[in-house]
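Now for the letters of each chain:
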Amino acid sequence: MKKTTQATIITIGDELLIGQVVDTNSAWMAQELNKAGIAVRRRVAVADEWNEIWNALDEELEKADIILITGGLGPTADDITKPLLCKYFGGTLVVDEEALANVKYLFEVVFKRPLIPVNLKQAEVPDVCTVIQNKRGTAPGMWFNKNGRITVSMPGVPHEMKGMMTSTVIPKLISKFDFPVIVHRTLLTAGVGESFLSEKLKGFESSLAENIKLAYLPSSGMVRLRLSSSGFDKAATVSAIDESFSELQTLIEDYVVTINDEPLAKALGNLLAKNNKTMATAESCTGGHIAQLITANPGSSVYYKGSVISYDNAVKENVLKVSPQTLKEFGAVSEQTVKEMLAGVLSVVGSDYGMAVSGVMGPDGGSADKPVGTVWIAAGGADKQVTKQFNFRFDRARNIEFTSLNALNLLRKFITGQP
């Protein structure tokens with residue numbers, strides 16, 4: 001059996017470890033590497049400290065075939081990655097003429113700023129590396145080969161790193177190694193917990209082929225199920241996982257939201273676009289979060305007409321035409337109010353479908369009969385609607401997230417007729 005080539009991603013920077021900057025580089029890199037058949041065995045974050053970086057290299061080069069590093073290539077004193085790699089691989093810093101020309105062009109033509117010595121040092125690279133030119137910035141990347149193991153250092157700026165990865169690093173890795181195909185199939189479920197799914201799929205999971213793994217990925221009241229496999233025979237690998245994925249769908253069909261690896265809002269949007277229908281939202285307690293989830297998806301203008309954020313009762317009355325008597329008798333958080341909010345937004349926006357939400361998100365504002373986490377949701381069209389009450393028990397942020405996702409799912413179920 002062929003050996004699977006494994007990679008480690010090392011991200012460098014104090015800002016990552018104190019939470020000042022979120023590491024989006026590793027997630028993007030792992031996704032792109034997976035597409036190329038490169039398995040990521042570890043992701044390591046280290047501080048801007050010589051010994052920490054050196055020890056991480058020692059440890060990872062014992063096991064990984066490929067080390068991909070981001071960060072620490074800037075022109076300031078705390079950027080120590082380049083001199084460290086130069087010493088680690090036994091080289092001497094020299095000026096790369098192509099990199100120097102790029103730095104001069106960027107400062108003199110693009111930035112229109114004077115060059116200072118520290119900027120010129122960006123063009124220095126270890127003489128034992130293969131230079132990866134940076135077409136999007138000043139710091140070149142570096143490719144090292146030691147005993148058949150590859151170490152690649154790239155800038156931490158996402159835009160620059162992505163340019164190097166797609167244009168140079170991944171194509172060069174593919175030409176050097178024989179990678180297997182890595183296949184994932186993911187579906188999204190709602191209305192059922194991880195433990196229930198695990199129990200229901202116990203027999204299915206135990207019967208899976210040895211090279212097919214099932215993963216449970218719960219989040220905000222939903223669970224993604226992912227089947228993964230790899231192999232050097234692409235046709236056989238794809239066929240085997242497709243067969244298992246089809247069986248998985250059948251076993252839990254009552255809970256499946258989408259069989260694509262996509263968010264719920266995108267799945268609902270696809271359903272609307274397929275049926276040439278439109279929708280709108282009337283949001284109170286979520287303050288526009290549902291609209292944000294919908295419009296985060298490219299092409300949402302095809303099916304999404306707009307939103308009325310009626311956070312204040314005056315907006316419910318004046319814009320959505322909720323009856324003052326309804327608000328007085330039943331309150332803003334009630335079945336009667338969300339039904340009138342839904343009717344109002346359908347009239348104001350002129351869409352085929354809509355949803356309305358009103359609730360108590362916390363941490364204050366609850367009462368004995370309507371404690372924090374109480375939510376009413378209405379969904380449907382002008383002729384028919386459904387309503388549902390929820391009682392969440394989380395903090396404010398999670399209550400908003402759960403309300404938004406349940407509203408999207410309630411409309412999806414209304415349209416599809418799913419119980």
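In what follows, the structure referred to is the one given above.
About the criteria used
Residues numbered from 1 in each chain as written. Predicted model: local features only at pLDDT ≥ 70, side-chain atom pairs only at ≥ 80, totals over all residues. Heavy atoms only, no water. Helix = DSSP H or I, 4+ residues; strand = E, 2+ residues; numbered from the N terminus. Buried < 20%, exposed > 50% of the residue type's maximum accessible area, 1.4 Å probe, protein only. Contact = heavy atoms within 4.5 Å. Areas by Shrake-Rupley, 256 points an atom, 1.4 Å probe, with all protein chains shown as cover. Pairing = 2+ DSSP bridges. Axes fitted to C-alpha atoms, helices over the stretch in contact; angles between N-to-C directions. Patch = residues over 30% accessible without salt bridge, like charges linked within 9 Å, V, L, I, M, F, W, Y side chains within 5 Å. Salt bridge = Lys/Arg side-chain N within 4 Å of Asp/Glu carboxyl O. Phe/Tyr/Trp six-rings, centres within 6.5 Å; stacked < 30°, edge-to-face > 60°. Lys NZ or Arg CZ within 6 Å of the ring centre and 35° of its normal.

(A) Quick look at the overall build of the protein chain. Counting secondary structure elements, the protein chain contains 16 helices and 17 strands. Along the first, second and third principal axes, the C-alpha atoms of the protein chain reach 80 × 60 × 40 Å. Relative to its 419 residues, the protein chain shows a buried fraction of 48%. Contacts in the protein chain between residues far apart in sequence, at least 24 positions, make up 66% of those at least 6 positions apart. Carbon and sulfur atoms make up 50% of the accessible area of the protein chain, which totals about 20400 Å².

(B) Representation of the sheet that holds strand E13 (residues 279-283) in the model. Spatially, E14-E13-E15-E16-E17 is the arrangement adopted by the 5 strands of the open sheet, whose pairing is mixed. The open sheet has two free edges, formed respectively by strand E14 (304-309) and strand E17 (385-391), since each of these has just one partner strand. Between one strand axis and the next, the sheet turns by 15 degrees as a mean value, whatever way the strands run. Pairing of E13 with E14, which is carried by 5 bridges, proceeds in the parallel orientation. When the bridges of E14 are listed, Ala280 appears paired with Gly306.

(C) A look at unusual backbone geometry. Of note, the amide linkage connecting Gly362 to Pro363 takes the cis form, showing an omega dihedral of 0 degrees. Considering the arrangement of structural elements, one finds Pro363 in the loop between strand E15 (353-359) and strand E16 (374-380).

(D) Region of interest: the environment of Ala240. Among the structural elements, Ala240 can be located in helix H10 (residues 234-251). Separated by 61 residues in sequence, Ala240 and Ser301 have C-alpha atoms that sit 38 Å apart.

(E) Quick look at a nonpolar patch on the surface. On the surface, Tyr105, Val109, Val110 and Phe111 cluster together to form a nonpolar patch covering roughly 360 Å² of accessible area. Turning to its location among the elements, Tyr105 is positioned in helix H5 (residues 97-111). When its relative accessible area of 46% is taken as the criterion, Tyr105 is described as partly exposed.

(F) A look at the packing of aromatic side chains. Tallied over the full model, the rule gives 11 aromatic pairs. Measuring from ring centre to ring centre gives 5.6 Å for Phe177 and Phe179, while their planes differ by 35 degrees; the resulting arrangement is tilted. Summarising the aromatic geometry, the rings of Tyr353 and Phe414 are spaced 6.2 Å apart at their centres and angled 75 degrees between planes, so their arrangement reads as edge-to-face. Note that Tyr353 is positioned in strand E15 and Phe414 in helix H16 (residues 396-416), a separation of 61 residues in sequence. Take Tyr353: its relative accessible area is 17%, and that puts it in the buried class. What links up through ring pairs into an aromatic cluster is the set Trp50, Trp54, Tyr88, Phe89 and Phe144. Here the basic side chain of Lys172 rests over the ring of Trp143, its NZ or CZ set 4.4 Å away from the ring centre. Taking the ring centre of Phe177 as reference, the NZ or CZ of Lys176 above it sits at 5.7 Å.

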